[in-house]
Amino acid sequence: NVTRSAAYISGLPLPGGKLRNINLNELWEKEQEWLDYNLLDRKYNDCVELKFWKDLAPRYSEKFNLYRDVPGLGEWLHQKIGNNKRLLEVGCGVGNFTIPFSKYSKEILAVDFSPAMLNELLKNIEYENIENIRMHHSKWEEFEEPYDADFVVSVNSLYRVRYMETALKKISEYGKQGFFIIRTVYKPYLHEIFDELRIEWKINSDYMFMPMMLWNMGISANVQYTRYGRPISFQAWNDIEGQMIDDIGEDKYLQYKDELSDRFLQKAVKGENGFTYISEQIIEIIYSFKDGSHFSL
């Protein structure tokens, strides 16, 4: 686990250091390849995005669940948030965090842009007989409902946002006591194999921009990185080849095909239903307490 202070990472003087000559949102747009899109606020139009989430919603919790997969994360959040708080969750999805939060929170306003994801959350709410979760259908960029939140929580919910500084400022403003932003630092599932063979893969440095934007707005934010092992299943060898080609391109795959196959077979476990590979993944936790507190996971 690695924790860094704002001043240490950015090299900014304290107090009140500013990146005055750098437009961080322009850098964000360039990094996320926004120049290739002609849309107002998100990388994909609403129809494309809603279809994506509709297709994924029924199996989202099975495939993606940081609350389940990252040891100690849920307990750490409970300890820092405390009991009987009012939470505003940005991009609640099917409720991977919302449902556990409800066990010790006074109330939760769960916001999401996808009706399909909210419908899955509703099923979970009804199954658990939970009464303190209120759902709200909205993009975070368009959310304006008055809500007296103690903390705002966002888990992997801001990837498609174009004007990130505005989104982060709103999170800070709504969180009366503070906020928690949790996100997966993008790495290919098989990055360890690529690294061992010195095969380059595209690095997405988006995780660097959000803390710098907060610090540049004068918002005190702590940053922490935590590693965990995520099991990845492949039913057939074609699935493995397809994943490698997606990550490094067909030319590099063909060039290193034999070495890639050997390394994969050394690290993966073969079973009746295919192969299982334990991929080292990293999450970034950006958090701020308006009383100046600092905690580590």
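Keep in mind that this is a model prediction, so the values were computed, not measured.

What counts and what doesn't
Residues numbered from 1 in each chain as written. Predicted model: local features only at pLDDT ≥ 70, side-chain atom pairs only at ≥ 80, totals over all residues. Heavy atoms only, no water. Helix = DSSP H or I, 4+ residues; strand = E, 2+ residues; numbered from the N terminus. Polar contact = N/O pair within 3.5 Å; in protein donor to acceptor, adjacent residues only side chain to side chain. Buried < 20%, exposed > 50% of the residue type's maximum accessible area, 1.4 Å probe, protein only. Pairing = 2+ DSSP bridges. Axes fitted to C-alpha atoms, helices over the stretch in contact; angles between N-to-C directions. Parallel < 35°, antiparallel > 145°, perpendicular 65-115°, else oblique. Left-handed = near helix turned anticlockwise from the far one by under 90°. Contact = heavy atoms within 4.5 Å. Nonpolar A, V, L, I, M, F, W, Y, C, P; charged D, E, K, R; others polar. Core = buried A, V, L, I, M, F, W, Y, C linked by side-chain atoms within 4.5 Å. Arc of directions from axis to C-beta.

Colleague: Sorry if this is basic, but what is going on with the environment of W140 here?
Modeller: Here W140 lies in the loop between strand 4 (133–137) and strand 5 (149–155). C-alpha separation for the pair W140 and A167, spaced 27 residues apart in sequence, amounts to 7.2 Å. Of the polar contacts made by the side chain of W140, one reaches the backbone oxygen of A167; its length is 3.1 Å.

Colleague: When you look at the pairing of strand 3 (residues 107–112) in this model, what are you seeing that I'm missing?
Modeller: The two faces of a sheet get side chains in turn, since along a regular strand they alternate between them. Within strand 3, five of the six residues are buried, which leaves it mostly tucked inside the rest of the structure. The sheet contact formed by strand 2 (residues 86–90) and strand 3 spans five bridges and is parallel. Bridged to R86 within strand 3 is E107.

Colleague: How should I be thinking about the packing of helix 2 (residues 24–31) against helix 11 (residues 206–216) in this particular structure?
Modeller: In helix packing, the relevant descriptors are the interaxial angle and the interaxial distance, both defined with respect to the helix axes. As a packed pair, helix 2 and helix 11 sit with axes 10 Å apart at the nearest point and diverge in direction by 165°. The pairing of helix 2 with helix 11 is recorded here as roughly antiparallel in orientation. You can see that helix 2 and helix 11 cross each other, and the crossing is left-handed. Only D206, F209, M210, M212, M213 and N216 of helix 11 make contact with helix 2, whose side of the interface consists of L24, N25, L27, W28 and E31. The residue inventory of the contact of helix 2 with helix 11, partitioned by class, reads seven nonpolar, two polar and two charged.

Colleague: Is there a simple way to explain the nonpolar core in this structure?
Modeller: Nonpolar side chains in soluble globular proteins generally cluster together in the buried interior. Ranked by size, the top nonpolar core spans 33 residues in total, and within it L88, W140, L158 and M164 carry the most contacts. Once you skip the residues sitting within four places of it in the chain, L158 turns out to touch W28, V90, W140, M164, L168, I171 and M210. Of all hydrophobic cores here, the second largest spans 29 residues; its members include V70, F97, Y287 and F289.

Colleague: Please clarify how the environment of K252 should be interpreted in this entry.
Modeller: Tracing the sequence through the fold places K252 in helix 13 (residues 250–255). Residue classification places K252 among the partly exposed positions, given a relative accessible area of 30%. Residues K252 and I199 lie 53 residues apart in sequence; the distance between their C-alpha atoms is 7.8 Å. Dropping the residues within four chain positions of it, K252 is found in contact with I199 and E200.

Colleague: Help me out: how do you make sense of helix 11 in this one?
Modeller: Given 3.6 residues to a turn, an α-helix orients residues that are three or four positions apart in the same direction. Counting buried residues in helix 11 gives eight out of eleven residues, a clear majority hidden from the surface. Buried within helix 11 are the following residues: D206, F209, M210, P211, M213, L214, W215 and N216. Phi turns positive one or two residues past the end of helix 11, at G218, with a value near 80°.

Colleague: How do you make sense of helix 2 when you look at a structure like this?
Modeller: Taken residue by residue, helix 2 has L24, N25, W28 and E29 as its buried positions. The buried residues of helix 2 occupy an angular sector of 140° when projected down its axis, which confines them to one face. Of the exposed residues in helix 2, the ones pointing more than 90 degrees away from its buried face are E26 and K30. Where helix 2 begins, one side-chain oxygen reaches toward the backbone nitrogen of N25, 3.2 Å away; that side chain belongs to N23. Positive phi appears at E33, one or two residues downstream of helix 2, with a value of about 60°.

Colleague: Help me understand the packing of helix 12 (residues 237–248) against helix 14 (residues 257–267) in this model?
Modeller: Running from N to C, helix 12 and helix 14 point in directions that differ by 120°, and their axes come no closer than 12 Å. Between helix 12 and helix 14, the interaxial angle falls into the category oblique. As for how helix 12 packs across helix 14, the hand of that crossing is right-handed. On the side of helix 12, the interface is formed by W237, I240, E241, M244 and I248, while helix 14 contributes K257, L260, S261, F264 and L265. Grouping the amino acids of the contact of helix 12 with helix 14 by side-chain chemistry returns seven nonpolar, one polar and two charged.

Interpretation in functional terms is not warranted from these geometric data alone.
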